[in-house]
Amino acid sequence: MSLWRAEDAAKATGGQAQGNWAVDGVSIDTRTIQPGDLFVALKDVRDGHDFVAQALEKGAGAAMVSRIPDDIDPDAPLLIVDDVLAALEALGRAGRARTNARVVAVTGSVGKTSTKEMLRAVLSAQGRTHAAEASYNNHWGVPLTLARMPQDAEFAVIEIGMNHPGEIGPLARMARPHVALVTTVAAAHLEAFDDLSGIAREKGAIFEGLAPGGIAVINGDLDTTHVLAEAATGFQAESFGEGAKNVHRLTHVSLTPDATICKAVIAGEEQVFKIASPGRHFAMNALAALVAARALGADATLAARSMTSWQPPTGRGTREEITLDAPEGLTVTLIDDAFNANPTSMAAALEVLGAMEPVDGVGRIQKGRRIAILGDMLELGPDEVALHAEIADLPFIAAIDQVHCVGPLMHALWARLDGDQQGLWVETAADMSAQVRKFIDAGDVVLVKGSKGSLVSQTVDAIRKMGQSLR
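If you're wondering where the values come from, they're calculated on a predicted model, not measured in any experiment.

Colleague: Would you mind showing me how to read the layout of surface pockets here?
Modeller: Empty pockets left among the atoms are what a rolling probe the size of a water molecule brings to light. Put simply, the largest pocket is a space of about 1,200 Å³. In terms of lining, the largest pocket is formed by 44 residues, of which the most central are Lys112, Asn137, Arg316, Phe339 and Asn340. If you list the elements that add at least two residues to the lining of the largest pocket, you get helix H4 (112–124) and helix H9 (280–296). Here the lining of the largest pocket gets five residues from one element, more than from any other, and that element is H4. Within the lining of the largest pocket, the residues separate by chemical class into 12 nonpolar, 21 polar and 11 charged. The computed volume of the second largest pocket comes to approximately 640 Å³. Ile28, Asp29, Leu42, Asp44 and Arg46 are the residues nearest the centre of the second largest pocket, which is lined by 25 residues in total.

Structure follows, in structure tokens:
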């Protein structure tokens, strides 16, 4: 069964269909478009109308446009609309309206994408599950995810993000979830808000979209939990966390170099589950995912067993072995956490690094080391310099052998370090990338962490180029 037929898409968007076409997917990017997709010509950095001809050449089943480009066949399969983004939103609402899927929406300052992927993993074991790709969580990502939803989906997982006030509510109302989850509230995007309570109020706006009888799932361990609870007024609210007052409690977490072992009490029943990646923050995300899955109607015990199939998405704590270009085939362990960073996620990543076991006696230095390469944490507001410096006070720092810093803000941390622990400070990720071969050795465990805008993912690539990645 096709995802969208011409007449259905035209009815949903109020547009005019040219040709009797049918499509199996929806795409906004000609680099990843698949044959049979509907290409949506959004305007962003570039005008998508400039790429319609290319999309059709690559096999797009049709294109959604607000004007007919000059370089395409006059009879090309099109959906002509007044405004492409508004039409994508309408298509998303129609995609949501025509399905009987149980929908969960996820937001939070930290852990949105990881929790969304955990939900994808555990729900897929219990029914046909549709979930957002990558971090498609903004004003075009949410309607795109909804427009892509198969009509016969049984579960759907929608990720909702924000940078500024007023963004989450409209997207939540579009998604109309049966369950809405806030993973946590932390110091992220503080430059756009007065304080953490302001961030919490914006995160709590996800509950505005809850369907009648919906369930709000709230982190109960926060200073701003009461703000979230107030936002959920009128709906059933279920709290999760480590505190005794929570409805669902994480009772034990232990980290090994390869896994996180967890015990929790969910609705009065003890669950033991394993995550095949170390990280205390993963344990809390997993608890949130299990609570949300149960609220959707899934079996919590089966979901807990399915958690072992989850792996961190690329750039969010992914662990891999790099076989160095050496005849001995020696390795470096790389933890790629270069997609995002704020004080909360930085602390979690450093705890993971501190729990890792480097290998002695195999490299030039003969002692395996825990090495952190840290890039700037962005959008933290007026206290950004102090928040970087305070990383030096984290208890996990003591277990790190060397800390290398990238960017003007991270200079504040670098200046707080001393002795051998104080590694390099450089202005840019490109500068750090040029240096990694000089200080990384066989047996080391290397964490790369920073906001996406710090570009420390370039350093991840440079480390991979030291050898061959074995994921």
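Colleague: Looking at this structure, I do not really get the sheet that holds strand E6 (residues 62–65). What am I missing?
Modeller: Strand pairing in a sheet is mediated by backbone hydrogen bonds. Such pairs are either parallel or antiparallel. With mixed pairing, the five strands of this open sheet are ordered in space as E2-E7-E6-E5-E4. Every interior strand has two partners, whereas the edge strands, strand E2 (16–18) and strand E4 (25–27), have only one. Looking at each pair of strands side by side, their axes are set apart by 20° on average, direction ignored. Here three bridges tie E6 to strand E7 (residues 78–80), and the two strands are oriented parallel to one another. Of the residues in E7, the one forming a bridge with Ala63 is Leu78. Most of the contacts of helix H1 (residues 6–13) go to E7, to which it runs at about 15°, and overall it touches E2, E6 and E7.

Colleague: Any chance you could explain helix H6 (residues 168–175) here in plain terms?
Modeller: For an α-helix, the turn length of 3.6 residues means that residues three or four places apart are oriented alike. Burial of H6 is extensive: six of the eight residues sit out of reach of the surface. Burial in H6 covers these residues: Ile168, Gly169, Leu171, Ala172, Met174 and Ala175. As for H6, its buried residues are in contact with helix H3 (84–97), strand E8 (102–107), helix H5 (141–147), strand E10 (155–159) and helix H7 (196–204). Of the residues flanking the end of H6, it is Arg176, one or two places downstream, whose phi is positive at about 45°.

Colleague: Can you help me understand empty space enclosed by the protein in this one?
Modeller: Counted by the stated rule, this structure contains two cavities of 30 Å³ or more. When its volume is computed, the largest cavity comes out at roughly 50 Å³. Along its surface, the largest cavity is lined by Pro278, His281, Phe282, Arg316, Gly317, Ile335, Asp337, Ala349 and Val352. Of the residues assigned to the lining of the largest cavity, the class counts are five nonpolar, two polar and two charged. Empty space within the second largest cavity amounts to approximately 30 Å³.

Colleague: Which parts of the structure should I look at to understand the packing of H1 against H3?
Modeller: To characterise two packed helices, one gives the angle between the axes of the helices and the distance between these axes. Put simply, H1 and H3 touch, their axes get as near as 8 Å, and they point 110° apart. In terms of axis orientation, H1 runs roughly perpendicular to H3. In this structure, H1 uses Ala9, Ala12 and Thr13 to contact H3, whose residues at the interface are Ala87, Ala90, Leu91 and Ala94. Looking at side-chain class alone, the contact of H1 with H3 contains six nonpolar, one polar and no charged residues.

Colleague: Teacher, can you tell me more about helix H11 (residues 343–355) here?
Modeller: For H11, with 13 residues, the first-to-last C-alpha span of 19 Å sits near the 18 Å given by 1.5 Å per residue. Buried residues of H11: Ser345, Met346, Ala347, Ala348, Ala349, Leu350, Glu351, Val352 and Leu353, and no others. Packing partners of the buried residues in H11 comprise strand E14 (248–255), H9, strand E18 (331–337), strand E19 (370–375) and strand E22 (445–449). Two to three positions downstream of the cap, the backbone nitrogen of Thr344 sits 3.1 Å from a side-chain oxygen, assigning the N-cap of H11 to Asn342.

Colleague: Is there a simple way to think about the packing of aromatic side chains in this case?
Modeller: For any pair of aromatic rings, the description rests on two quantities: the centre-to-centre distance and the angle between the ring planes. For the structure shown, the criterion picks out two aromatic pairs. Note on Tyr136 and Trp140: the rings are 5.1 Å apart at their centroids and 70° apart in plane angle, and the pair reads as edge-to-face. Judged by its relative accessible area of 21%, Trp140 falls in the partly exposed class. For the ring pair Phe282 and Trp310, a centre distance of 5.0 Å and an interplane angle of 70° mean the geometry is edge-to-face. Taken together, the residues span a long stretch of sequence, with Phe282 in helix H9 and Trp310 in the loop between helix H10 (300–306) and strand E17 (318–324) at a distance of 28 residues. The buried category is assigned to Phe282, whose relative accessible area is 2%. Using a relative accessible area of 2% as the deciding quantity, one classes Trp310 as buried. Cation over ring: Arg98 sits above Trp4, and NZ or CZ is 3.7 Å from the ring centre.

Colleague: How should I be thinking about the sheet that holds E10 in this particular structure?
Modeller: Taken in spatial order, the nine strands make up an open sheet running E9-E10-E8-E11-E12-E13-E14-E15-E16, and their pairing is mixed. In the strand order of this sheet, the two ends are held by strand E9 (129–131) and strand E16 (269–275), each with one partner. Strand-to-strand twist across the sheet, computed as the mean angle between neighbouring axes with direction ignored, equals 20°. Inspection of the sheet shows strand E13 (residues 236–241) paired to E14 by two bridges, in the parallel sense. Bridge pairing in E14 places Gly241 opposite Arg249.

Colleague: Looking at this structure, I do not really get the pairing of E8. What am I missing?
Modeller: Regular strands have side chains that alternate between both faces of the sheet. When you tally the buried positions in E8, you get five out of six residues, the bulk of the element. Where E8 and E10 come together, five bridges link them in parallel fashion. Among the inter-strand pairings, Val103 is bridged to a residue of E10, identified as Ala156. With four bridges connecting them, E8 and strand E11 (residues 179–182) associate as parallel partners. Looking across to E11, one finds that Ala105 is bridged to Ala180.

What counts and what doesn't
- Residues numbered from 1 in each chain as written.
- Predicted model: local features only at pLDDT ≥ 70, side-chain atom pairs only at ≥ 80, totals over all residues.
- Heavy atoms only, no water.
- 1 Å grid on protein atoms, 1.4 Å probe; cavity = no way out; pocket = protein on both sides within 12 Å on 5 of 7 lines; lining within 4 Å.
- Points joined across faces, edges and corners; volume = space filled by probe spheres on them.
- Helix = DSSP H or I, 4+ residues; strand = E, 2+ residues; numbered from the N terminus.
- Nonpolar A, V, L, I, M, F, W, Y, C, P; charged D, E, K, R; others polar.
- Pairing = 2+ DSSP bridges.
- Axes fitted to C-alpha atoms, helices over the stretch in contact; angles between N-to-C directions.
- Contact = heavy atoms within 4.5 Å.
- Buried < 20%, exposed > 50% of the residue type's maximum accessible area, 1.4 Å probe, protein only.
- Parallel < 35°, antiparallel > 145°, perpendicular 65-115°, else oblique.
- Expected span 1.5 Å × (residues − 1).
- Polar contact = N/O pair within 3.5 Å; in protein donor to acceptor, adjacent residues only side chain to side chain.
- Phe/Tyr/Trp six-rings, centres within 6.5 Å; stacked < 30°, edge-to-face > 60°.
- Lys NZ or Arg CZ within 6 Å of the ring centre and 35° of its normal.

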